[in-house]
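Residue-level structural notes
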Amino acid sequence: MMDAQTLDRKTDEVLLLAKAKFGVRSKSLDKAMKKIGRRVPNWLHKEAAVIADARGLTGHPKLMMQMDHVRVQRAFDSIKAHLETVDRRERRIDRILDVLGSVSFNLIVLTALVILFLRWRGFI
């Protein structure tokens, strides 16, 4: 059985993990997931929605009893497991390599266009 304090504690743990891995500063899991955006898979956003729905039920004792506690616990576990696998250094290196790849592709295309233009004008 999960009570409101346990739900708040686990949500805070997930928020701290999101802050450590993505630098997101937010007081709610919904806002944190919006700020993280596409950097995590879509299923992770759905798991966060399950937690947000459960948090909405915490003010009502009878509705809290209807909550699927196993599903909420599974959502917490899957979010924590995924966030723990995220490596900030690897994400940064991937982002730098993406930028370098696009710049080098653009330079190759520009060089090819310049050569084609010079050949068309008869300079080569």
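What counts, and at which threshold
Residues numbered from 1 in each chain as written. Predicted model: local features only at pLDDT ≥ 70, side-chain atom pairs only at ≥ 80, totals over all residues. Heavy atoms only, no water. Axes fitted to C-alpha atoms, helices over the stretch in contact; angles between N-to-C directions. Helix = DSSP H or I, 4+ residues; strand = E, 2+ residues; numbered from the N terminus. Parallel < 35°, antiparallel > 145°, perpendicular 65-115°, else oblique. Left-handed = near helix turned anticlockwise from the far one by under 90°. Contact = heavy atoms within 4.5 Å. Nonpolar A, V, L, I, M, F, W, Y, C, P; charged D, E, K, R; others polar. Patch = residues over 30% accessible without salt bridge, like charges linked within 9 Å, V, L, I, M, F, W, Y side chains within 5 Å. Areas by Shrake-Rupley, 256 points an atom, 1.4 Å probe, with all protein chains shown as cover. Salt bridge = Lys/Arg side-chain N within 4 Å of Asp/Glu carboxyl O. Buried < 20%, exposed > 50% of the residue type's maximum accessible area, 1.4 Å probe, protein only. Core = buried A, V, L, I, M, F, W, Y, C linked by side-chain atoms within 4.5 Å. Lys, Arg positive; Asp, Glu negative; His and termini not counted. Charge placed at Lys NZ, Arg CZ, Asp CG, Glu CD.

Side note on the packing of helix H2 (residues 29-36) against helix H3 (residues 42-56)
When two helices pack together, their arrangement is captured by the angle between the axes and the distance separating the axes. One way to put it is that H2 packs onto H3 with a least axis distance of 9 Å and a crossing angle of 165°. In terms of axis orientation, H2 runs roughly antiparallel to H3. H3 is crossed by H2, and the crossing has left-handed handedness. Contacts between H2 and H3 pair Leu29, Asp30 and Met33 from the former with Leu44, His45, Ala48, Ile51 and Ala52 from the latter. Split into classes, the residues belonging to the contact of H2 with H3 amount to 6 nonpolar, 1 polar and 1 charged.

Comments concerning a nonpolar patch on the surface
A cluster of nonpolar side chains, Val99, Val103, Leu107, Leu110 and Val114, forms an exposed patch at the surface whose accessible area comes to about 420 Å². Among the structural elements, leucine 107 can be located in helix H6 (residues 88-121).

What to know about the pattern of salt bridges
Working definition: two side chains of opposite charge can pair if their charged atoms are close together. A complete count under the given rule lists 4 salt bridges for this structure. Among the ionic pairs, lysine 80 bridges to glutamate 13, the shortest N-O distance being 3.2 Å. Here glutamate 13 lies in helix H1 (residues 4-22) and lysine 80 lies in helix H5 (residues 69-85), a separation of 67 residues in the sequence. With a shortest N-O distance of 2.9 Å, arginine 71 and glutamate 47 are connected by a salt bridge. Residue arginine 71 is located in helix H5, and its partner glutamate 47 is located in helix H3; the two are separated by 24 residues in the primary sequence. Arginine 71 sits in the partly exposed class, given a relative accessible area of 23%. The network of salt bridges with common partners includes Arg9, Glu13 and Lys80.

Thoughts on the nonpolar core
In this structure, Val72 and Leu83 are the most contacted members of the largest nonpolar core, which totals 26 residues. Broken down by secondary-structure element, the contributors of at least two residues to this core are H1, H2, H3 and H5. A total of 6 residues in this core trace back to one element, the largest contributor, which is H1. The residues contacting valine 72, other than those within four sequence positions of it, are Met2, Leu7, Val50, Ala54 and Met67.

Concerning a negative patch on the surface
A cluster of acidic side chains, namely Asp87, Glu90, Asp94 and Asp98, defines a negative patch on the protein surface. Secondary-structure assignment places aspartate 87 in the loop between H5 and H6. Judged by its relative accessible area of 39%, aspartate 87 is partly exposed.

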